[in-house]
Amino acid sequence: MEGNKDEAEKCIVIARKALEAGDKEKALKFLNKAEKLYPTDKAKVLLDALTRNGNSAGSGASCRKPTDSTAGGKSEKESNTSATKETAKSFTKDQVEGVQRIKKCKNYYEVLGVTKEANEEELKKAYRKLALKFHPDKNHAPGATDAFKKIGNAYAVLSNSEKRKQYDLTGGEDTTCSPQGRGGFDFHRGFEADVTPEDLFNMFFGGGFPSNSASTFTNGRARYSPQYQNQTRRERQEDRADGGFSMFVQLMPIVLLILVSVLSQLMVSTPPYSLYPRPATGQTIKRQTENLVVDYYVSKDFRSEYKGTALQKIEKGVEEDYVSTIRNNCWKERQTKTDLLYAAKVYRDERLRRKADMMTMDNCKELDRLNDLFRGG
């Protein structure tokens, strides 16, 4: 089942992009496929919200068509009139000042407003706040799109430990802050993000702001990432990939059986413990570690084989594996709750909000207990 997890995540990404483009049918198709491949709370939340409120979220779909000046015989004068209306969107003085502040930043730490010692949580908190503030569908001040891209680029680099290390070594001014000939930031030199600011925003918030604009982001005199030129080509590629993927899914059980058979023959020994009962390996005898009181399971020969220092090493490994598992599960719980609250806010669905509030967060509570033990509480 784990082998399908990555493919299920890809289906969710495709579904989100389809939802932003107003294609409800395609979004449902890939969300259902993700559920079949590897059921996740994230897919369930989106399916639930889309089924109940999909019409309101996709109300702008009919407006999402290319506005090329040659389509429908539009004259150049009509195109210019449309562009003039685009620039007439209102914005506040604070928004303009905010954009100017981002433009003047000399490094990514200044962009996010954090120190060089900022940890991952502080970076996420700063990005969430700034991304919502400068998203071009919310902030129509001149230059807001470039500021939004810069914020996304800053987070993507600083949240990557390798890129951040290289970035810190360079010191000096960030080359991406220097203006180009027509104004704005140069995002093609220096340190660049591996994802677009739009994709990064969607990863954090589960989708962009609802918009009826012809392009993904519009901002007065600037336009960012119009998707329609490549959309047909992309959908064609997705359909071809879908056919090959279906065949791969059909063959997957056979491949897994062969792999399991080969691996079972190659395995000479099994780990001395398991965090869960494993009758197949004889690890059914329950024990507890002395330090963190973590349950683990061993075989009947364990007590005679591991004593003294050897037993301490085993229990240390048990506790490290357990803490790592609990930490990952706590992160998933928090992510699921965040997705539920986001969906409740976007679709104004009180049921989703109550569902988020009712989550017990058992793994996070267990992580707090372990932290208290580490501190000697």
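Shown above is the structure to which this text applies.
Residues numbered from 1 in each chain as written. Predicted model: local features only at pLDDT ≥ 70, side-chain atom pairs only at ≥ 80, totals over all residues. Heavy atoms only, no water.

Draft legend 1. Summary view of the overall build of the protein chain. Looking only at helices and strands, the protein chain features 15 helices and four strands. Each of the 377 residues in the protein chain was classed as buried or not, and the buried ones make up 39%. Considering only residue pairs separated by 6 or more positions, the protein chain has 65% of its internal contacts joining residues 24 or more positions apart. As presented, the protein chain carries roughly 23,100 Å² of accessible surface, and 52% of it is formed by carbon and sulfur atoms. (Helix = DSSP H or I, 4+ residues; strand = E, 2+ residues; numbered from the N terminus. Buried < 20%, exposed > 50% of the residue type's maximum accessible area, 1.4 Å probe, protein only. Contact = heavy atoms within 4.5 Å. Areas by Shrake-Rupley, 256 points an atom, 1.4 Å probe, with all protein chains shown as cover.)

Draft legend 2. Geometry of the state of the cysteines. According to the stated counting rule, one finds one disulfide in the structure shown. Cys330 shares a disulfide with Cys364; S-S distance 2.1 Å. Negative torsions about the S-S bond denote left-handed disulfides, and the value of about 100 degrees found for Cys330 with Cys364 makes this one right-handed. With a gap of 34 residues between them, Cys330 in helix H13 (residues 308-347) and Cys364 in helix H15 (residues 362-374) connect regions that are remote in the sequence. Residue Cys330 shares its accessibility class with Cys364, and that shared class is buried. (Disulfide = S-S within 2.5 Å.)

Draft legend 3. Fine view of unusual backbone geometry. Unusually for a residue other than glycine, Val293 sits at a positive phi of about 55 degrees. Topologically, Val293 is positioned in the loop between strand S3 (285-288) and strand S4 (295-298). A residue is classified by how much of its surface remains accessible, and Val293, at 42% relative accessible area, is partly exposed. Phi angles above zero are rare outside glycine, and Met361 is one such case at about 55 degrees. Within the secondary structure layout, Met361 lies in the loop between helix H14 (350-357) and H15.

Draft legend 4. Fine view of the environment of Val45. With respect to the element layout, Val45 can be found in helix H3 (residues 41-57). Taking the C-alpha atoms as reference points, Val45 and Ala343, 298 residues apart in sequence, are found 7.4 Å from one another. Apart from the residues lying within four places of it in its own chain, the contact partners of Val45 are Asp339, Leu340 and Ala343.

Draft legend 5. Broad picture of the pattern of salt bridges. Under the counting rule described, the total for this entry stands at six salt bridges. Put simply, Lys10 and Glu7 hold a salt bridge, and the shortest N to O gap is 3.9 Å. One end of the pair, Lys10, and the other, Glu7, are both in helix H1 (residues 5-20), three residues apart, so they sit about a helical turn from each other. With a relative accessible area of 21%, Glu7 lands in the partly exposed category. Residue Glu350 pairs with Arg353 through a salt bridge whose shortest N-O separation is 3.9 Å. With Glu350 and Arg353 both in helix H14, this residue pair falls three residues apart, about one helical turn. (Salt bridge = Lys/Arg side-chain N within 4 Å of Asp/Glu carboxyl O.)

Draft legend 6. View of the packing of H1 against helix H2 (residues 24-37). Remark: H1 packs on H2, axes separated minimally by 8 Å, with the N-to-C direction vectors making an angle of 165 degrees. Our classification of the angle between H1 and H2 gives roughly antiparallel. The interaxial crossing formed by H1 with H2 has left-handed handedness. Of H2, the residues touching H1 (which contributes Glu7, Ala8, Cys11, Ile12, Ile14, Ala15, Ala18 and Leu19) are Lys26, Ala27, Phe30, Leu31, Lys33, Ala34 and Leu37. (Axes fitted to C-alpha atoms, helices over the stretch in contact; angles between N-to-C directions. Parallel < 35°, antiparallel > 145°, perpendicular 65-115°, else oblique. Left-handed = near helix turned anticlockwise from the far one by under 90°.)

Draft legend 7. The packing of H13 against H14, seen in detail. The contact between H13 and H14 brings their axes to 8 Å, and the two run at 160 degrees. The orientation of H13 with respect to H14, classified from their angle, is roughly antiparallel. Seen from above, H13 lies across H14 with left-handed handedness. Packed against H13, whose contacting residues are Lys337, Leu340, Leu341, Ala343, Ala344 and Lys345, the element H14 presents Leu352, Arg353, Lys355, Ala356 and Asp357 at the interface. Taken together, the residues of the contact of H13 with H14 sort by class into six nonpolar, no polar and five charged. (Nonpolar A, V, L, I, M, F, W, Y, C, P; charged D, E, K, R; others polar.)

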